[in-house]
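Letter by letter, the chains look like this.
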Amino acid sequence: MFKTIIVATTIAACSSAAAFAHVTLEGKEAPVGSTYKVVLRVPHGCEGKPTQVVRVQMPEGFYGVKPQPKAGWTLETVKGPYEKAYDNHGSKVSEGVKQVVWSGGNLPDDQYDEFVFRGTIAADLKPGEMMYFPVVQECPDGAKERWIEIPAAGQKAPDLELPAPGLKLIHAAN
Amino acid sequence: MLLWLPLATAAFAHASLNSTEPPDGAVVAAAPGVIRLIFNEPVSPTSLKLTKPDRSSVPLEDVVVKGNALEITPPADLQTGTHLLSWRVVSEDGHPIGGSFVFSVGHAGGPPPDTAADSGWPVWAGLWTGKVMLYLGIFFGIGGVFAIFWFVGGDTATRKPSLIALGIGSAGALISLGFQGLDAVGEGISLLFSGSAWRAGLGTSLGPTVIFVCVGFALAALALLSGKGREARWMALSGVLTAAFSLSLSGHASAAPPQWIMRPAVFLHVAAIAVWVGALLPLMLQLRTKSPEAADSLQRFSVFIPFAVLVLIAAGGVLAYVQVGTPSALVTTAYGTVFLIKLVLLVVLFVLAAANRWRLTQRSRRGEPKAISMLVRLVAAETLVMVLIFGVAAAWRFTPPPRSLVSQVQRNVVVRLQSPEAAADVTVRQGDGGAVSLSIKITGKDGQPLDPVEVTAVLANPQAGVEPIRRKAEKIEAGWTVPDLVLPLAGRWSLRLDVLITDFDITRLEGEIEIRP
């Protein structure tokens, strides 16, 4: 048993994306004020069951959202009001896509897929802060995996059981 | 832009448990030959522990890693009842995860509660017989010796019943110890002659009682042997006091609060009974044999006995009041029924005693033969009724007093858990064998009503090495409930409620609950 632990830890140290259960973002950082492509990586289903629905909630400050369709999945968006108005190429937008839903698909537990959407990060957000995209995976028989926890002050994402995928905001590129 | 951030990804990576065999909460007909934990990736076990229905824990060492699953061979002799398997493993990234799940063999629940359900009728009969023999020994034996030296003028011609009673009492004390031990460990009568039963009996509160009562028997016997002197009187008195003390060390009544009233009340009640009952046979013998001292003995007895009876009734009243509690308990509980029977017998006894005292004592003292023979017969009747009362009182060993039934019902604890977004009031109801049910009311911050999508209860006992066990709460009209938890260990458990306020919003409320044994 001891030997197994050593082997397991070695594998862990060497490999990175080899085995992970959480839904995460491919890119970890993005400049404020930029248009950014969010890639959600879905490595697992729910307790071994295939993923059939993926729902992402757009955080406040991420606007002008356009999701990428996926073959075999039905793409829907849920629109709603933003908390404040944002400047989109000169015109003000105060409502838009708040939730993106890919449904009707079937991603088995032993397969991997990415779900992509694009949007603009508001220029008046503070660099150094995190932006979180809560994701819910839905599987058959009502099984769900939720990656929806946002760290409170003083908490770090690795401390959470169900961390939402997070994006670190950095200074605007000049 | 950095292309490869192995540390950042590895930091989030945990394995997770997909399913178990038997499934969480399942009831299987026979003990499983192999238990499987199936994860979503290969893991290595660091700790596996099985808590059995009798609350003992064993580590599980016979485990094999087979692909994504752990195959555990449990110990061969799994009892019926609910088991809790607590697991802790390391996933490939080195991060530990843990959890617990329960499964039941045969039926859910723990071993039967400790009211001798396992021991069976022979043990109960043994317990009752031992107790009655003990009472006979204390009241006719030690009480009889007291009466010999304090009422009948040291007339050792009347000692025969007392000697026999002392013998019966000593045997009864020993028998009680053995059967009490059997009852305590829940074994059948076949183990009566094993040391463990006797050691278990000594370990209960009956142990000190038996020790002191044997001291009492010894004092009484010594008093008889030492003849008529002053020492004999004081030894006889010490015998009664020791016996009364010994009975105040065990039993429902002695254990009841408020202790500072109950234990002395038992002491006084027993002492008074000993004084009264002890005198019956010596007096009867003296009257029958037309001993010249009979008149004086009767006189001494009837002068003193009212005080003893007063103490008896007062102490008995206090005991009854605390134990029975409400008048309705007299008819609704087994304890109350036994008390009513005893009460009926007591009424008969007091009628006999009153007849003896007010109609026959004076005439017998004067020597009227008809009065004397009537008195002898009525004292014999008193003796018989007393023996019946002992038999009935011994039955109380098997009935919990209403006050303890009430406290069992009141085994509800309400805990308030809070988080910035919500608050929860959790009522923890404890049943037998570790069965626990939770009733949960959730409110939003500032007391607004909250209608969560889902509520999950997570309980862990880190001190006992029990990993978190999860149960989804069911929505009912009054809130949420987790009806069928089994927490087989007493002590402090951490309780966490994961409240899903909306699909994308979860808040966790943490607290602790105390599970009583």
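Okay, the overall build of chain A next. Each helix and strand in chain A was counted, giving 1 helix and 12 strands. In sequence order, chain A lays out its α and β elements as α-β-β-β-β-β-β-β-β-β-β-β-β. Residue burial in chain A is summarised as follows: out of 174 residues, 32% are buried. Put simply, of all contacts in chain A between residues at least 6 apart along the chain, 70% involve residues at least 24 apart.

A word on the pairing of strand E7 (residues 91-103) of chain A. Residue and element names in this part refer to chain A. Note: strand E4 (residues 53-57) against E7, 4 bridges, orientation antiparallel. Following the sheet pairing, Val 54 is matched in E7 by Trp 102. With 11 bridges connecting them, strand E6 (residues 74-88) and E7 associate as antiparallel partners. Note that in E7 the partner of Glu 76 across the bridge is Val 101.

All right, on to the confidence of the model for chain A then. With 88% of its residues at a pLDDT of 70 or more, chain A shows a mean pLDDT of 87. The low-confidence segment residues 7-19 of chain A, where pLDDT is below 50, has 19 contacts with residues more than four positions distant or belonging to other chains.

To continue, consider unusual backbone geometry. A cis geometry characterises the amide bond from B:Glu21 onward to B:Pro22, with omega recorded as 0°. Considering the arrangement of structural elements, one finds B:Pro22 in the loop between strand E1 (17-21) and strand E2 (26-28). One non-glycine residue, A:Glu47, adopts positive backbone phi at about 50°. Position of A:Glu47 relative to the elements: it lies in the loop between strand E3 (35-42) and E4. Notably, A:Asp141 is not glycine yet its phi reads approximately 60°, a positive angle. Tracing the sequence through the fold places A:Asp141 in the loop between strand E10 (135-138) and strand E11 (144-147).

Rules behind the numbers
Here, residues in each chain are numbered from 1, in the same order as that chain's written sequence. Think of it this way: whatever chain is written first is A, whatever ligand is written first is 1, and the rest follow in order. Restriction of local features to residues with pLDDT of at least 70 applies here, the model being predicted, together with a cutoff of 80 or more for giving and counting side-chain atom pairs; totals for whole chains, interfaces and linings are based on all residues. Helix and strand assignments follow DSSP, with helices taken as H or I runs no shorter than four residues and strands as E runs no shorter than two, numbered in order from the N terminus. Three exposure classes are used, based on other C-beta atoms lying within 10 Å of a residue's own C-beta, which is placed from the backbone: buried for 20 or more, exposed for 12 or fewer, and partly exposed in between. We call two residues in contact when the distance between their C-beta atoms, placed using the backbone, is within 7 Å. Here the rule is simple: two strands pair whenever DSSP picks up at least two bridges between them. The predictor attaches a confidence to each residue, called pLDDT, with possible values from 0 through 100.

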